[in-house]
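So you can see what is in the structure, the chains are spelled out below.
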2 protein chains.
Amino acid sequence: VNRRRAVLGAGAAAALFGAALARAAEAGYAAADLQHARRLIDRGLADGTAWSLVESLTTEVGARPAGSEADTRAAAWAQAAIRRLGLTNVRAEELPIRVWQRGSATARLLQPYAHSLVIASLGNSVGTAPDGLAAELAYFPDLAALRADTSDRARGRIAFIDQPTERTRDGRGYGRAVAARVEGAIEAARRGALGLGIRSISTARDRVAHTGAMRYDLSVPRIPAFAVSVPDAELIARLHARGAVPRLQLAMNNHSEVDATTRNVIGEVAGGELAQEIVLIGAHLDSWDLGQGALDNGAGVAIVSAAAALIASAGARPRRTIRVVLFGNEENGFDGARAYGDRYRDTAHQLVAESDFGSGRVWRLRSRVRRDALPLIDALAALLKPLGIARPADAANEGTPGPDAALLMRRHRWPAIELTQDGTHYFDVHHTENDTLDKVDRDALPANTAAWAAVLWLAAQAPHAFGPLEAPAA
Amino acid sequence: VNRRRAVLGAGAAAALFGAALARAAEAGYAAADLQHARRLIDRGLADGTAWSLVESLTTEVGARPAGSEADTRAAAWAQAAIRRLGLTNVRAEELPIRVWQRGSATARLLQPYAHSLVIASLGNSVGTAPDGLAAELAYFPDLAALRADTSDRARGRIAFIDQPTERTRDGRGYGRAVAARVEGAIEAARRGALGLGIRSISTARDRVAHTGAMRYDLSVPRIPAFAVSVPDAELIARLHARGAVPRLQLAMNNHSEVDATTRNVIGEVAGGELAQEIVLIGAHLDSWDLGQGALDNGAGVAIVSAAAALIASAGARPRRTIRVVLFGNEENGFDGARAYGDRYRDTAHQLVAESDFGSGRVWRLRSRVRRDALPLIDALAALLKPLGIARPADAANEGTPGPDAALLMRRHRWPAIELTQDGTHYFDVHHTENDTLDKVDRDALPANTAAWAAVLWLAAQAPHAFGPLEAPAA
């Protein structure tokens, strides 16, 4: 209750809830279901389960790259955790994958003076020859400059893209910058570069490097690709501004296409009369290897598990089945989401949703549902307003419900809800060694748990279907 | 001028200055000298020299551990820089030193699961045997707990001290915590430990480790000593709280007692009638090897050089000689300060002072002068009040003027002034890979330059001596 007061005064909250309940009843929800949603919110706001879960996962399992021994431990941890929380039909659905494995990576300026750069191999990058690679850097301020380059400047050099990442609440800054990481090596190789370095796709000033997936193109050679810490990138930029041409000694050693196994961990709150229809709430269980996967995506695993547990423990059986899916290998291939879609393509999905944006507070609800379901979504949004969650009119039905859920939405026309979290600080630690438990905003977790519990419950109780979508989602 | 307004409204500042000038004249300063001090402050507040210097040093030289090739480049850089700024009698006074050199350092949890810790060897630590060392951790919440331990718990293990560092403005939190780093290995070895790990003496939550000097005692074995990042220390603490006994694989490789050369770089603003008396303003030129030595102590080098340059370029010759001393090897032995004291023991020093606390704004003036000089110091402090610099009554004459200057003050009874900088964020990056240019508070540098210029000028013009101190300083 204290936590709700922090969002809104208790009196004002009660008034808002009252109005929202009336509106939701008009849209077609049953009054008892609405009262139950409100109880879930109240209980969620006082619920410490999400914190306990992320604390446990980061302490007892740690980093858990897909296909690793730690990934297997994470799956055992997750099944035990959600079973203990009262979810049923708990299982791990295995799938074979081929994974990339990080080896060592070092980079040292040889010119204009000896200096060790803090770097990380990008995911999927090949290594260098065993004795490494020495080459000059060819500086490009951003990916557009490399794309526009028609000179021979990158040939025989390591192309360096100094792409900045803008801090934004909704992650747009990351979205604009990340192509440098994903596609930079292709553009560099096209111009004869021997390697690609990028400024970390990060909003922080820490001396850590940001990893994440990159890809190659069959038409050009596979060159080693790495990110350097932001302070090191700024040093390179300052040297470049002085007319110096830094020379780099690079050594990387990675393994690609290693056969492995991962799995989707699934647990449910069994539905009643419409048990065969699924309200899917996801998060991904895997993480990059560098940190503890605390924000990405321990927090999401914790929030969605806690939200479903809240419903399970509140005692009322939902009409539809609420299914928690902790996806395998989101980070480097979406294998879990694809396998889930293949397996359940013929199952009716009332909703797909996901929490995968750290621990920041939810501030927005957007949907992607059939037009005739919009009044139900608007009513649901009104109910979340006292939590500080808005439903802006602009692009209200163009939501993107997190990476795995979005893939399913697009492939299967399953309807979706996005609860947008505040990502202002998310890209300070995302995909780095700094993604550790201490970065989790413990105080924001209960409100997020409460919001998801209400969404899942009312999606399960809704008087009619939210989908399927009329047209493939963009 | 804009920067002064940021500290205090222009009208209020002018009134304060007026009162301070009257008081300073009463204490014995000449009116013309006071007017000149005020001009120096005004010019300092608009002066970008300090920023240019630290930008140049961190870009063109980088990290510069004493005795290294980079240290030699730093000395060449410094001589060229202060000569260009108009200082005279510029020279480098060489001295032989024996240095410690960092090699590689890795630590990996073997139990309860595989996990790489981010660590750094502490300065002066020996390495492990070439094939490393595997041992359990014995957890101690702080150094006091290890000191109080009479059990056999550390024997055959790696003692781990989880000493927290409190964030404070004046660095007291660091002062209270740092003994764990300096003396921890002695206490651990006394109890039969095979190694010592400590939580980084740091106020940040970054996944970087804090280095710094430690020492051994002839009575006990020299065991390898290292710091782990704060998030890793917290993981160890959480595992310990669960009853787990982490087992660690440690490999370190360092070199001690390597013969090398360093130097004090010196430049002056030549005095007039009392040219043989020295107003010494210092900073240390060396840095630890992990970052760029931007805050520790590039900022200090830049501030004191800019302050002296301001006096040189303002055209009025000081009565006493103002001497900038950029000390060698402050970080691991104070060799430069000792050598300076040996060489100039018979030279009268009107003042020793130093800037070595990052780039935070100066907020306090404390002194350590002969009692009869206190009115002159009080008057000087009143003149700095418009810059937001206070002279608290408490312990006003118990100042500590930075590490090198304090050593000289203690050994030679030379009087001292401390301009205390705001160190609230200093220990977030101090002695780590994160000590890079981007952490320098560019906006705070002009006010600090202005304050030092006024202090140096008036110390040089003072009607009588500030020292020598009556008794050895504590």
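These numbers come from a predicted model, not from an experiment. (Residues numbered from 1 in each chain as written. Chains lettered and ligands numbered in written order. Predicted model: local features only at pLDDT ≥ 70, side-chain atom pairs only at ≥ 80, totals over all residues. Heavy atoms only, no water.)

*Asks:* What exactly am I supposed to notice about the overall build of chain A here?
*Replies:* When you go through chain A residue by residue, the secondary structure sums to 14 helices and 15 strands. Computed over C-alpha atoms, the radius of gyration of chain A comes to 23 Å, within 12% of the 23 Å expected from 2.2 N^0.38 for 474 residues, which places it in the range of a compact globule. When its C-alpha atoms are laid out on the principal axes, chain A stretches across 70 × 45 × 40 Å. The burial tally for chain A puts 62% of its 474 residues in the buried class. Sequence separation of at least 24 residues holds for 83% of the intrachain contacts in chain A that already meet a minimum separation of 6. When the accessible surface of chain A is summed, it comes to about 16,500 Å², and 50% of that surface belongs to carbon and sulfur atoms. (Helix = DSSP H or I, 4+ residues; strand = E, 2+ residues; numbered from the N terminus. Rg over C-alpha atoms; globule rule 2.2 N^0.38 Å. Buried < 20%, exposed > 50% of the residue type's maximum accessible area, 1.4 Å probe, protein only. Contact = heavy atoms within 4.5 Å. Areas by Shrake-Rupley, 256 points an atom, 1.4 Å probe, with all protein chains shown as cover.)

*Asks:* Would you take a moment to explain the packing of aromatic side chains for this structure?
*Replies:* By convention here, two paired aromatic rings are described through the distance between centres and the angle between planes. Going through the model one piece at a time under the given rule, you end up with 18 aromatic pairs over all chains. Considering the side-chain rings of W100 of chain A and W288 of chain A, the 6.4 Å spacing of their centres and the 70 degrees angle between planes classify their relative orientation as edge-to-face. A residue pair is termed long-range when its members are at least 10 positions apart, and W100 of chain A in strand β1 (residues 88-101) and W288 of chain A in the loop between β11 (274-284) and α10 (294-314) qualify at 188 residues. Per residue, the accessibility class of W100 of chain A equals that of W288 of chain A, and both read buried. Against the face of W363 of chain B rests R169 of chain B, its NZ or CZ located 3.4 Å from the ring centre. We note R323 of chain B situated over the ring of Y344 of chain B; from NZ or CZ to the ring centre the distance is 4.4 Å. (Phe/Tyr/Trp six-rings, centres within 6.5 Å; stacked < 30°, edge-to-face > 60°. Lys NZ or Arg CZ within 6 Å of the ring centre and 35° of its normal.)

*Asks:* When you look at the interface of chain B and chain A in this model, what are you seeing that I'm missing?
*Replies:* One frequent convention defines the size of an interface as the accessible area lost when the parts assemble. Of the residues lining the interface, 29 residues belong to chain B; the matching set on chain A comes to 29 residues. Applying the counting rule to chain B against chain A returns 8 salt bridges. When the shortest N-O distance is used, the salt bridge between R238 of chain A and E55 of chain B registers 3.7 Å. Across the chain B-chain A interface, the total number found is 18 residue pairs in polar contact (both at pLDDT 80 or more). For the side of chain B that touches chain A, the elements supplying multiple residues, two or more each, are α4 (49-60) and α9 (230-241) of chain B. (Salt bridge = Lys/Arg side-chain N within 4 Å of Asp/Glu carboxyl O. Polar contact = N/O pair within 3.5 Å; in protein donor to acceptor, adjacent residues only side chain to side chain.)

*Asks:* Hey, could you run me through α4 of chain B in this one?
*Replies:* The periodicity of an α-helix, 3.6 residues per turn, causes residues three or four places apart in sequence to face the same way. Its 12 residues place the ends of α4 of chain B 16 Å apart at the C-alpha level, agreeing with the 16 Å of an ideal helix rising 1.5 Å per residue. When you tally the buried positions in α4 of chain B, you get 10 out of 12 residues, the bulk of the element. Of all the positions in α4 of chain B, only T49, A50, W51, L53, V54, E55, S56, L57, T58 and T59 of chain B are classed as buried. Contact partners of the buried residues in α4 of chain B: α9 (230-241) of chain A together with α5 (69-84), α10 (294-314) and α14 (445-461) of chain B. (Expected span 1.5 Å × (residues − 1).)

*Asks:* Would you mind showing me how to read the side chain of R391 of chain B here?
*Replies:* All names here are of chain B. Structurally, R391 can be placed in the loop between α12 (374-384) and α13 (403-412). Engagement of the side chain of R391 in a polar contact is seen with the backbone oxygen of A396, the distance being 3.2 Å. Other than its neighbours up to four places away in sequence, R391 contacts L365, R366, S367, L374, I377, D378, A381 and A396.

*Asks:* Would you take a moment to explain the packing of helix α3 (residues 31-45) of chain B against α10 of chain B for this structure?
*Replies:* Helix packing for two helices is described by the angle between their axes and how far apart those axes are. Residue and element names in this part refer to chain B. The N-to-C vectors of α3 and α10 enclose an angle of 120 degrees; their axes lie 10 Å apart at closest approach. It follows from the interaxial angle that α3 and α10 lie oblique. Between α3 and α10 lies a crossing of right-handed hand. Contact residues: H36, L40, R43 and G44 in α3; L310, I311, S313 and A314 in α10. (Axes fitted to C-alpha atoms, helices over the stretch in contact; angles between N-to-C directions. Parallel < 35°, antiparallel > 145°, perpendicular 65-115°, else oblique. Left-handed = near helix turned anticlockwise from the far one by under 90°.)

*Asks:* Before we go on, may I ask you to explain the relation of the copies chain B and chain A in this structure?
*Replies:* Related by rotation about an axis and a shift along that axis, the two copies of the chain form a pair. Placing chain B over chain A gives an RMSD of 0.0 Å and needs a rotation angle of 180 degrees, together with 0.0 Å of translation along the axis. Seen this way, the second copy is the image of the first under a two-fold rotation axis. Of every C-alpha in chain B, the one belonging to D206 of chain B sits nearest the axis of rotation, 3.7 Å from it. (Least-squares fit on C-alpha atoms with pLDDT ≥ 70 in both.)

*Asks:* Looking at this model, I keep getting lost on helix α5 (residues 69-84) of chain A. Mind explaining?
*Replies:* Residue and element names in this part refer to chain A. With 16 residues, α5 should cover 22 Å at 1.5 Å per step; its first-to-last C-alpha distance of 23 Å lies within 8% of that length. The set of residues buried in α5 consists of A70, D71, A74, A75, W77, A78, Q79, A81 and I82. Among the structural elements, α4 (49-60), β1, β10 (255-269), α10 and β12 (320-327) are those in contact with the buried residues of α5. The N-cap residue of α5 is S68: its side-chain oxygen and the backbone nitrogen of A70 are 3.3 Å apart. Positive backbone phi, at 100 degrees, marks G86, one or two positions downstream of α5.

*Asks:* Just to check I follow, could you spell out unusual backbone geometry for this structure?
*Replies:* Note on backbone geometry: most residues besides glycine have negative phi, and most peptide bonds are trans. In this chain, Q111 of chain B is followed by P112 of chain B through a cis amide linkage whose omega measures 5 degrees. Inspection of the secondary structure assignment puts P112 of chain B in the loop between β2 (105-111) and β3 (115-117). Residue P468 of chain B is bonded to the preceding G467 of chain B through a cis peptide linkage, with omega at 0 degrees. In this structure, P468 of chain B sits in the segment after α14. For F334 of chain A, which is not glycine, the phi dihedral falls at a positive 60 degrees.

*Asks:* Can you help me understand the side chain of H349 of chain B in this one?
*Replies:* All names here are of chain B. Among the secondary structure elements, H349 is positioned in strand β13 (residues 349-354). Given a relative accessible area of 6%, H349 falls into the buried group. One polar contact links H349 to Y340, side chain to side chain, over a distance of 2.7 Å. Among the polar contacts listed, one links the side chain of H349 to the backbone oxygen of T347, at a separation of 3.0 Å. For H349, the residues in contact, after removing those within four places along its chain, are I278, L280, Y340, Y344, W414 and P415.

*Asks:* When you look at the sheet that holds strand β8 (residues 225-228) of chain A in this model, what are you seeing that I'm missing?
*Replies:* Residue and element names in this part refer to chain A. In spatial order, the strands read β3-β2-β9-β5-β6-β7-β8-β4; together these 8 strands make up an open sheet with mixed pairing. Of all the strands in the sheet, the pair left with one neighbour each is β3 (115-117) and β4 (119-121). Neighbour-to-neighbour, the strand axes of the sheet open up by a mean angle of 30 degrees, direction not taken into account. Strand contacts of helix α8 (residues 179-190): β6 (158-161), β7 (195-199) and β8, with the helix running at about 150 degrees to β7, the strand carrying the most contacts. Seen against the sheet, α9 touches β2 (105-111), β3, β5 (133-140), β6, β7 and β8 and runs at an angle of roughly 130 degrees to β3. (Pairing = 2+ DSSP bridges.)

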